[in-house]
Amino acid sequence: MSLLIRTMLMIVATVICLPGAALSQTISVQDMLQKTDQWAAWAKDGTVVSINGRYAGRVDRMFRLENLSIQMTPTRYTTMPQGLQAGVRMTVSGVLKRSGSAWTMDVSRIAVGNTDSERLISRIERLDPKQMSDWYEVADEFGKLAEFYQDESLRRQVLHLRMDAFKRQRELARGDSVKLARLAEFGATIDVDPMALEAIRFESLVAAVTVPDADDAQVLKNLKTHLPAWDRRDRLEDSGTEQGFLKDPVGEYEAADETVRTQMQRRYYRKLRLPMILKTLKTDGSNGLEIAAMLEQELPEDQAEAEMARRRYVDFRISKVSQLTRRQLDELDELLTSTGRSEELPQAVEQWLAAQKKRLMNGQLDGLLATAEEYLFAFERWKHEPHRTTAVDLLKQGWSLSEKTAPKEAAAIAQRLEQFGWTRLKNQWLTNAEVAALPSGNVDLAMREGRVVKGMTGLQVVTILGKPDRRVRVVSSGGIQEIWIYGDDGSSSEIHIHVLQGRSGKPEDAVATLVSRRAQLR
């Protein structure tokens, strides 16, 4: 029935004033049912009652309103509109009557309006799109009607109105974390889909944690509070989904199912937590190991960043190699090995040694010896032969520097050199191999080994064996010859040394010409 026809029917409806009082206002069917205890008094007093409700249908001249058990009959002066459809709104006025347990009404006035569905549409058209409280008031009003009349069609309209209002409200709250959080709480009271409410909570979190100059501690607390799966190490298997989520976290989260949302929560935590941790990495990389350990514990998925932090630390240690102690240099070796950069160790060791040499070499004996010890440490640790060669050269320089001025130090240095296979003979340093190649009669070798050989001076002989027990002198034109006898028991240990001295020569210049055991004097 068109709105124009219904309006005309309302105009032509007959109004008859009946005697007696009238209620001050029209009441609804719902209110009428709440006042059943007053019906008898109204009937007795002939009170005119105006009731608004839904038309339920008619039989002959009698009709009823939905959910109201009162049989209504128009008076002879009242015209019943034609073509009425069930569900249209009617306002009827009349006097109640009771017959036994049944109630009737003589209707003196009838006004016809729109259906509740049409009324709802009309009300929506007049709503302010930004005054959302009015939208919910209308929804509540018509929601009660839908429930009272068990009207599924009207119920769907009301639900659509609420959801439309909720969506509009969400649009108005975009970017406002507080409003979005409150909206999610409100949505739970109006039966909004839980998945939609979760998406709003996520959007609220995103708005809260991405504001400029947000406090990292508070952001971290919010993430752990509002992302139940923040610590579940489930990765997004689809790289396309991951890239889309990183670009538009709110939109992609809302479109995802529950399983993927769980993975997205972890990914969003990682997205925000990673820069927080990396922000604490010092410019020089000196705390790189701590950062790498933190990343491996909290974000094991981000191995590349952990390796980067570790590399930064290794670079830092290498840059400070000249300042390292021996122990720290050992630690650097272990670090380079564990990080797959062992090929960089030789250069680092050379830099370290160069720094030690620069620091210790002062032109004095102590500087030479200290530098040599550093090279010896490097050789013993990494077995690089040039390090031992350099150490030996430094020890030789130290011996030369102390030979005349500090004999004790020179002797100690010579002993140290002997440990590395070097011997001082014939005014030069010889290797063990070179010494072994010398003939047994070599005077320097014999002196070193404590033997007396032909060619030694008398002084050298005395140095080794001491003064002889007896001397036998023979003077000839060629010079003075003596036989020095050591031991006088005729045993095999008796040594005879023939010493020849020129007539004008000094005794210390005498030279041994023959060395024998158990020689017979003639």
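Use the structure listed above.
Each value, and the rule that gives it
Residues numbered from 1 in each chain as written. Predicted model: local features only at pLDDT ≥ 70, side-chain atom pairs only at ≥ 80, totals over all residues. Heavy atoms only, no water. Helix = DSSP H or I, 4+ residues; strand = E, 2+ residues; numbered from the N terminus. Rg over C-alpha atoms; globule rule 2.2 N^0.38 Å. Buried < 20%, exposed > 50% of the residue type's maximum accessible area, 1.4 Å probe, protein only. Contact = heavy atoms within 4.5 Å. Pairing = 2+ DSSP bridges. Axes fitted to C-alpha atoms, helices over the stretch in contact; angles between N-to-C directions. Salt bridge = Lys/Arg side-chain N within 4 Å of Asp/Glu carboxyl O. 1 Å grid on protein atoms, 1.4 Å probe; cavity = no way out; pocket = protein on both sides within 12 Å on 5 of 7 lines; lining within 4 Å. Points joined across faces, edges and corners; volume = space filled by probe spheres on them. Nonpolar A, V, L, I, M, F, W, Y, C, P; charged D, E, K, R; others polar. Phe/Tyr/Trp six-rings, centres within 6.5 Å; stacked < 30°, edge-to-face > 60°.

(A) Highlighting the overall build of the protein chain. Looking only at helices and strands, the protein chain has 22 helices and 12 strands in total. The C-alpha atoms of the protein chain give a radius of gyration of 58 Å, which is well past the 24 Å a tight globule of 522 residues would have. Each of the three principal axes of the protein chain carries a C-alpha extent, and together these read 190 × 40 × 35 Å. Classification of the 522 residues of the protein chain by burial places 40% in the buried group. In the protein chain, once contacts between residues fewer than 6 apart in sequence are set aside, the share between residues at least 24 apart is 52%.

(B) Quick peek at the sheet that holds strand E9 (residues 470–476). Reading across from one edge, E9-E10-E11-E12 is the order of the 4 strands in this open sheet, with antiparallel pairing throughout. Two strands lie at the open edges of the sheet, namely E9 and strand E12 (511–517), each paired on one side alone. Going across the sheet, the axis of each strand differs from the next one's by a mean of 20°, ignoring polarity. Bridge analysis of E9 against strand E10 (residues 479–486) gives 7 bridges, and the strand direction is antiparallel. Residue pairing across strands places Arg471 opposite Trp484, the latter belonging to E10. Against the sheet, helix H22 (residues 458–465) engages E10, strand E11 (495–501) and E12, with an angle of about 10° to E10.

(C) Local environment of unusual backbone geometry. The phi torsion at Asp60 lies on the positive side, around 55°, for a residue other than glycine. Topologically, Asp60 is positioned in the loop between strand E2 (48–59) and strand E3 (62–65). In the Ramachandran plot, Asn67 falls in the positive-phi region, its phi being about 65° despite a non-glycine side chain. Following the sequence through the fold, Asn67 ends up in the loop between E3 and strand E4 (70–74). Given a relative accessible area of 40%, Asn67 falls into the partly exposed group.

(D) Just the pattern of salt bridges, in detail. For the coordinates displayed, the defined rule picks out 33 salt bridges. Between Glu141 and Arg123 there is a salt bridge, and its shortest N-O distance comes to 3.0 Å. Taken together, the positions of Glu141 in helix H5 (residues 132–149) and Arg123 in helix H4 (residues 116–125) put the pair 18 residues apart, joining distant regions of the chain. Residue Glu242 is joined to Arg267 by a salt bridge in which the shortest nitrogen-to-oxygen separation is 2.6 Å. With Glu242 in helix H10 (residues 239–247) and Arg267 in helix H12 (residues 258–279), the pair connects residues that are 25 residues apart, well separated along the chain. There is no split in this pair, since Glu242 and Arg267 are both buried. Shared partners join several salt bridges into a network, and the residues in it are Arg54, Arg89, Asp116, Arg119 and Asp151.

(E) Main features of the layout of surface pockets. By volume, the largest pocket is sized at about 390 Å³. Glu198, Arg201, Phe202, His226 and Pro228 are, among the 24 residues lining the largest pocket, the residues nearest its centre. Residue assignment for the lining of the largest pocket shows that the elements contributing at least two residues are helix H7 (177–189), helix H8 (194–209), helix H9 (216–226) and H12. A total of 8 residues in the lining of the largest pocket trace back to one element, the largest contributor, which is H8. Class assignment of the residues belonging to the lining of the largest pocket gives a composition of 11 nonpolar, 7 polar and 6 charged.

(F) Local environment of the packing of aromatic side chains. Using the criterion set out here, one finds 13 aromatic pairs in the structure. Centre to centre, the rings of Phe202 and Phe245 are 6.2 Å apart; their planes meet at 35°, and the pair counts as tilted. Separated by 43 residues along the polypeptide, Phe202 in helix H8 and Phe245 in helix H10 bring together distant segments of the chain. Each member of the pair, Phe202 together with Phe245, is buried. Arranged with centres 6.3 Å apart and planes meeting at 75°, the rings of Phe245 and Tyr268 form a pair that is edge-to-face. With a gap of 23 residues between them, Phe245 in helix H10 and Tyr268 in helix H12 connect regions that are remote in the sequence. Cluster of aromatic residues (ring-pair linked, three or more members): Phe202, Phe245, Tyr253 and Tyr268.

By themselves these figures say nothing about function.
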